[in-house]
Structures are given as C-alpha cells and as structure tokens.
Amino acid sequence: AQKVTQAQTEISVVEKEDVTLDCVYETRDTTYYLFWYKQPPSGELVFLIRRNSFDEQNEISGRYSWNFQKSTSSFNFTITASQVVDSAVYFCALRLQGGSEKLVFGKGTKLTVNP
Amino acid sequence: GAGVSQTPSNKVTEKGKYVELRCDPISGHTALYWYRQSLGQGPEFLIYFQGTGAADDSGLPNDRFFAVRPEGSVSTLKIQRTERGDSAVYLCASSLSSYNSPLHFGNGTRLTVT
C-alpha cells in the first residue's frame with residue numbers, strides 16, 4: 001500500500017527566511033506521480049506541482065523549488081525568501097498509475113510566516 | 001473558467017438525519033473524487049467516479065455513505081443516519097481522465113452533526 005509521511009506538523013519562520021518542507025513516500029510501484037498542494041486559511045486546496053517517477057530533475061518556479069530523490073523516496077519543497085502570504089498548510093500527495101488513480105495525501109505541514 | 005463548485009458551503013444537521021452534499025465539477029472533467037478532511041488531517045479518499053460509474057468506493061467508511069453521478073457530471077454524496085463522527089469538511093475534486101492530471105478541488109462543504 002502507498003503512504004505519504006510529512007514528519008513536520010508545524011513550522012514557524014520569520015519573513016525572508018528559507019524553509020524546506022519534507023515529504024517521504026512509500027510505494028512498490030515504479031510508475032507514479034507526486035504532487036504538492038497548498039491549503040490557505042480559506043480552505044481550498046491549490047495545486048502547486050506534479051512530478052512523475054521517471055523525472056528526477058529538480059524544478060524551480062519563482063521562490064518555490066522541489067527536490068525529488070528516488071534513492072531516499074523523498075520529494076521535498078523549499079520556499080526561498082518566505083513571505084507572509086506563504087502561510088498555509090502544505091500537503092504532499094502520491095498517485096499511482098492504474099487502479100482508481102486516487103491521490104493519497106500526507107497529514108500536511110502547517111507553515112506560519114511571521115512578519 | 002469555473003472551478004469545482006460545492007454546495008452548500010456549510011451544513012449543520014442533527015444526529016440521525018439524512019444529508020446530501022452536491023458537487024459540480026469542471027466542465028469536461030470525466031474523473032470525480034470525494035474526499036473527507038478532519039481537523040488537522042490530510043484529505044482522506046472516499047470514492048472515485050470515472051464517468052457515471054463508481055470506479056473505486058473503497059474509502060467509504062460504511063454503508064451509511066453513498067454517492068451518485070447519474071449523468072457523468074454533477075455528483076451527490078449522501079449520508080444516512082448521520083453521526084457526530086461524520087463532522088468534517090467534505091471535498092470534491094475533478095480531473096481529466098489521465099492519471100498524471102492534477103486534481104482540482106472545490107472549497108468543500110463543512111458538515112457539522114450536532
């Protein structure tokens with residue numbers, strides 16, 4: 001069975017600090033996708049990124065970057081120069097090919113960026 | 001374009017009552033998912049539709065929960081004989097048919113059972 005672990009329950013930083021959110025996943029499948037979602041206080045889950053299991057290139061999008069390492073089954077998310085608007089709960093999720101294609105979520109990391 | 005729409009946004013009901021939660025997916029999305037999110041937890045899978053049929057209902061907690069999608073678009077999640085433990089935010093998501101497509105979520109329905 002697949003599983004996603006986000007060991008950090010809550011993180012608090014001061015604006016402009018860099019912060020990394022950890023994600024470790026478990027699956028026996030070789031083909032899968034990993035996702036990150038942001039859930040601001042308003043409640044809607046916002047899609048941030050998708051990465052397939054065959055693409056280990058890191059990705060950067062503005063202040064956001066993602067580090068995918070199959071050797072450690074990790075898909076970590078870094079926010080550079082954090083801002084107050086980054087305050088939210090961030091979820092890592094795993095989706096297998098075939099079957100119901102459902103997303104399996106971690107428990108989330110609550111990030112608070114203080115001014 | 002319009003996102004996933006869920007109604008009502010809030011629902012308060014008494015223990016033992018029946019409730020229906022509605023989801024209107026993004027037009028053209030054939031896949032539809034229901035999730036439940038309890039406070040401080042990640043979304044928990046309930047059921048998945050591909051078109052009109054429930055392709056995977058393994059996440060429904062018991063037979064009080066049922067969902068339909070009769071015309072392959074709007075879906076209704078139905079909960080019979082509600083219990084206080086059913087209180088949560090019920091999220092609906094839709095996606096294109098392929099497994100590499102991201103799920104797009106609605107704002108959810110907050111259900112409170114008193």
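All values derive from a computational prediction rather than experimental measurement.

(A) A look at the packing of aromatic side chains. This model, assessed by the stated rule, comprises 21 aromatic pairs over all chains. When the ring of A:Phe105 is compared with that of B:Tyr35, the centres are 5.6 Å apart and the planes differ by 90 degrees; the resulting orientation is edge-to-face. With one member in each of two chains, A:Phe105 in strand 11 (residues 103-105) and B:Tyr35 in strand 4 (residues 31-37) form a pair that bridges those chains. Among the residues examined, A:Phe105 registers a relative accessible area of 9% and is labelled buried.

(B) Seen up close, the layout of surface pockets. As a volume, the largest pocket reaches approximately 970 Å³. Lining the largest pocket are 45 residues; nearest its centre among them are A:Gln39, B:Gln37, B:Ser38, B:Gly40 and B:Gln41. Its residues placed into classes, the lining of the largest pocket shows 18 nonpolar, 21 polar and six charged. Size it by volume and the second largest pocket reaches roughly 160 Å³. Around the second largest pocket, the lining residues are A:Tyr37, A:Glu44, A:Leu45, A:Val46, A:Phe47, B:Gly3, B:Val4, B:Ile26, B:Leu103, B:His104, B:Phe105 and B:Asn107. Residues that form the lining of the second largest pocket fall into these classes: eight nonpolar, three polar and one charged.

(C) Region of the structure containing the side chain of A:Lys38. Along the polypeptide, A:Lys38 turns up in strand 5 (residues 32-39). In contact with A:Lys38, not counting residues within four places along its chain, are A:Glu44, A:Leu45, A:Val46, A:Leu48, A:Tyr64, A:Val85, A:Asp86, A:Ala88, A:Val89 and A:Tyr90.

(D) The arrangement of the nonpolar core in detail. In terms of nonpolar packing, the biggest core is built from 24 residues, with A:Trp36, A:Phe75, A:Phe77, A:Tyr90 and A:Leu111 touching the most fellow members. Counting residues per element, this core draws most heavily on strand 10 (residues 88-96) of chain A, at five residues. Setting aside its immediate chain neighbours within four residues, A:Tyr90 contacts A:Gln6, A:Leu21, A:Trp36, A:Tyr37, A:Lys38, A:Leu48, A:Tyr64, A:Phe77, A:Ile79, A:Gly108, A:Thr109 and A:Leu111. Within the second largest apolar cluster, 19 residues are counted, among which are B:Leu32, B:Leu46, B:Leu77 and B:Cys92.

(E) Representation of the state of the cysteines. All told, the structure shown has two disulfides over all chains when counted by the stated rule. Across the disulfide from A:Cys23 sits A:Cys92; the S-S distance is 2.0 Å. Between A:Cys23 and A:Cys92 the disulfide shows an S-S torsion of about -65 degrees. By sign, it is left-handed. Of the two residues, A:Cys23 sits in the loop between strand 3 (19-21) and strand 4 (24-26) while A:Cys92 sits in strand 10, which places them 69 residues apart along the sequence. You can call A:Cys23 buried: its relative accessible area is 0%. A relative accessible area of 0% means that A:Cys92 is categorised as buried. Between the sulfur atoms of B:Cys23 and its disulfide mate B:Cys92 the distance is 1.8 Å.

(F) Here's a closer look at the pattern of salt bridges. Going through the model one piece at a time under the given rule, you end up with seven salt bridges over all chains. A salt bridge links A:Glu59 to A:Arg51; its shortest N-O distance comes to 2.7 Å. Of the residues examined, A:Arg51 reaches a relative accessible area of 6% and is grouped as buried. Between B:Arg64 and B:Asp86 there is a salt bridge; the shortest N-O distance is 2.8 Å. Of this pair, B:Arg64 sits in the loop between strand 6 (53-56) and strand 7 (65-68) while B:Asp86 sits in the loop between strand 8 (75-79) and strand 9 (88-95); the two residues are 22 residues apart in sequence, bridging distant segments of the chain. Here B:Arg64 matches B:Asp86 in class, with each residue buried. One salt-bridge network, held together by shared partners, links A:Arg51, A:Asp55 and A:Glu59.

(G) A look at the side chain of A:Ser82. All names here are of chain A. With respect to the helices and strands, the residue Ser82 is situated in the loop between strand 9 (74-79) and strand 10. Within the structure, Ser82 has its side chain in polar contact with the backbone oxygen of Glu17 (distance 2.8 Å). With residues up to four places along the chain from it excluded, the contact list for Ser82 reads Val13, Val14, Glu15, Lys16, Glu17, Arg63 and Val113.

What counts, and where the lines are drawn
Residues numbered from 1 in each chain as written. Chains lettered and ligands numbered in written order. Predicted model: local features only at pLDDT ≥ 70, side-chain atom pairs only at ≥ 80, totals over all residues. Heavy atoms only, no water. Phe/Tyr/Trp six-rings, centres within 6.5 Å; stacked < 30°, edge-to-face > 60°. Helix = DSSP H or I, 4+ residues; strand = E, 2+ residues; numbered from the N terminus. Buried < 20%, exposed > 50% of the residue type's maximum accessible area, 1.4 Å probe, protein only. 1 Å grid on protein atoms, 1.4 Å probe; cavity = no way out; pocket = protein on both sides within 12 Å on 5 of 7 lines; lining within 4 Å. Points joined across faces, edges and corners; volume = space filled by probe spheres on them. Nonpolar A, V, L, I, M, F, W, Y, C, P; charged D, E, K, R; others polar. Contact = heavy atoms within 4.5 Å. Core = buried A, V, L, I, M, F, W, Y, C linked by side-chain atoms within 4.5 Å. Disulfide = S-S within 2.5 Å. Salt bridge = Lys/Arg side-chain N within 4 Å of Asp/Glu carboxyl O. Polar contact = N/O pair within 3.5 Å; in protein donor to acceptor, adjacent residues only side chain to side chain.

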